[in-house]
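What follows is the residue order along each chain.
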Amino acid sequence: MSDSDQTNIIELENVDKFFGGFQALKNISLTVKKGERVVVCGPSGSGKSTLIRCINRLEEHSSGKIVVNGHELTSAVKDIDAVRSEVGMVFQSFNLFPHLTVVKNLMLAPRLVRKSSKSEAHDMAMKYLERVKIPEQADKYPSQLSGGQQQRVAIARALCMNPLVMLFDEPTSALDPEMISEVLDVMVDLAEEGMTMIVVTHEMGFARKVADLVVFMDQGEIVESNPPTTFFEAPASERTKLFLSQILTH
Amino acid sequence: MSFDFALIGDSIPKILMGIGLTFQLLVLSAVLGLALAIVLLLMRISGRWYLAAPTMVYIYIFRGTPILVQIFIIYYGLPQLEFVRDSIFWPILREAFGCAILALTLNTGAYVSEILRGGVLGVDRGLKEAGAALGLSATHRFIYITSPIAIRLALPAYSNDVISLMKSTALASTITLLDMMGIARTIVAETYAPYEIFISVMVIYLIITWIIQRSFGWMEKRMSRHVRSEA
């Protein structure tokens, strides 16, 4: 453990990220405590996906400090796989393994990483499939499921690792409109059970309902971060006001 | 000119006596070539230049020269070298069969490693990221995610290479081996009837090609079960 407060699951301090000459993240600092729900929003290209991809080191930050559950992420971090196994992630494009059935998608990581027995992994997979309300799809292949069902499987797959925190990278952006609510419902349930979550999304209804903190990013910077009531009722920055007027007028 | 059907009837059974050797050449060099291809692939995608660079040179040489030349260099050239004659490989390289297997293996290995690399490169990056995000090690990701998908992607091109390898086995007849083509050439030398004999051997090769194609087609179908959507 570092000298940080033990209830801080994620700490970012002055994080910069460059892609070649382009600066995707500028001096980002953010702390997420156990049980907190943070919603990150902002225009496309603002760096919000890059931000959460740095938290499980799918992208390596260029400078600054990222601490996940007491482990600082550096190029020397020996057990990045162990850190990642504590951090669940849900992707915009689901990324289910197409050659495995739904239940085997869920069993793969517990079997290989947690060394669970086949029956343990299977029981856990079925438990989480029931939680996302599609146990009857267990033996189908991902391509036989609707987008909403696939994303719920992806959430269940991440939950099977009993993560300390869940990262959502625009989980509903690739979905047909009628499937968005089934995925959001699952996410609201998770939030109500106390899961620590960082959610990149444009679903402002979700943000109002569950977020403890709404973070607005633009051009790689955190412009504003406030509880939802303040954020929506009294945005401090002009850029936030403009963004909200653009997405809320419809 | 007349076409001697009786001669075809007589020579097909004789040519088929070489099918065992043709299959030995095909199966042995396909299996050894696949093993070589996997080693080359792992070196090529290792991200270490001192492993990747030699494989690129190797692949360039073996894809860039005629297999007939490769067979001749191994069969006529290697025995000239004293250290080859003194080595433990001499019992194999002394035989035309060993030389043919070596040449076919080295050649197909170069092609197949590139075919497999195409498959690996075709695997969606998001799937590897999903594996990484779940905490799977790089080795586990390669074995359980990348490989099965890459194999499915590479299968059509691989089946082409197996057919091409099967046809290349006929070149073994140029270094005294009596495979189907070797026998056919012997019969032609005795009967002076190239037309009938070579058409017979062609028909047999076509049938083998058909069997290979059908087998791979069946495998592709089996491995694509997950792609067929019920919706």
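A brief report on the enclosed structure follows. All values derive from a computational prediction rather than experimental measurement.

What follows deals with the overall build of chain B. Of the regular secondary structure elements, chain B holds eleven helices and zero strands. When the helices and strands of chain B are read in sequence order from the N terminus, they spell out α-α-α-α-α-α-α-α-α-α-α. Considered along the principal axes of its C-alpha atoms, chain B spans approximately 70 × 60 × 25 Å. Burial analysis of chain B (231 residues in total) assigns 44% to the buried set. Intrachain contacts of chain B at a sequence separation of at least 6 include 77% that bridge at least 24 residues. As displayed, chain B has an accessible area near 12600 Å², and 68% of this comes from carbon and sulfur atoms.

Taken together, the contact between chain A and chain B spans 26 residues of the former and 25 residues of the latter. The contact between chain A and chain B buries some 2100 Å² in all, and 64% of this surface belongs to carbon and sulfur atoms. Across the chain A-chain B interface, the total number found is one salt bridge. With its nearest N and O atoms 2.6 Å apart, the salt bridge here joins Glu129(B) to Arg53(A). The tally of links between chain A and chain B comes to three residue pairs in polar contact (both at pLDDT 80 or more). Of all elements in the fold, only α2 (80-85), β6 (87-90), α3 (102-112) and α5 (147-159) of chain A reach the threshold of two or more residues within the side of chain A that touches chain B.

On to the packing of helix α4 (residues 67-77) of chain B against helix α7 (residues 96-121) of chain B. All names here are of chain B. For the pair α4 and α7, the least separation of the axes is 9 Å and the interaxial angle reads 135 degrees. Considering the angle they form, α4 stands oblique to α7. Between α4 and α7 the crossing geometry is right-handed. Counted together, Ile67, Gln70, Ile71, Ile74 and Tyr75 of α4 and Ala96, Cys99, Leu102, Ala103, Leu104, Leu106 and Asn107 of α7 form the full contact between these two elements.

Here we take up the side chain of Ser85(A). Mapped onto the fold, Ser85(A) is located in helix α2. Given the relative accessible area of 4%, Ser85(A) is considered buried. Within the local environment of Ser85(A), its side chain forms a polar contact with the backbone oxygen of Ala82(A), the two atoms lying 2.7 Å apart. Contacts of Ser85(A), omitting those with residues within four sequence positions, involve Val113(A), Arg114(A), Met161(A), Leu134(B) and Gly135(B).

The rules behind each value
- Residues numbered from 1 in each chain as written.
- Chains lettered and ligands numbered in written order.
- Predicted model: local features only at pLDDT ≥ 70, side-chain atom pairs only at ≥ 80, totals over all residues.
- Heavy atoms only, no water.
- Helix = DSSP H or I, 4+ residues; strand = E, 2+ residues; numbered from the N terminus.
- Buried < 20%, exposed > 50% of the residue type's maximum accessible area, 1.4 Å probe, protein only.
- Contact = heavy atoms within 4.5 Å.
- Areas by Shrake-Rupley, 256 points an atom, 1.4 Å probe, with all protein chains shown as cover.
- Buried area = accessible area lost by both parts, 1.4 Å probe.
- Salt bridge = Lys/Arg side-chain N within 4 Å of Asp/Glu carboxyl O.
- Polar contact = N/O pair within 3.5 Å; in protein donor to acceptor, adjacent residues only side chain to side chain.
- Axes fitted to C-alpha atoms, helices over the stretch in contact; angles between N-to-C directions.
- Parallel < 35°, antiparallel > 145°, perpendicular 65-115°, else oblique.
- Left-handed = near helix turned anticlockwise from the far one by under 90°.

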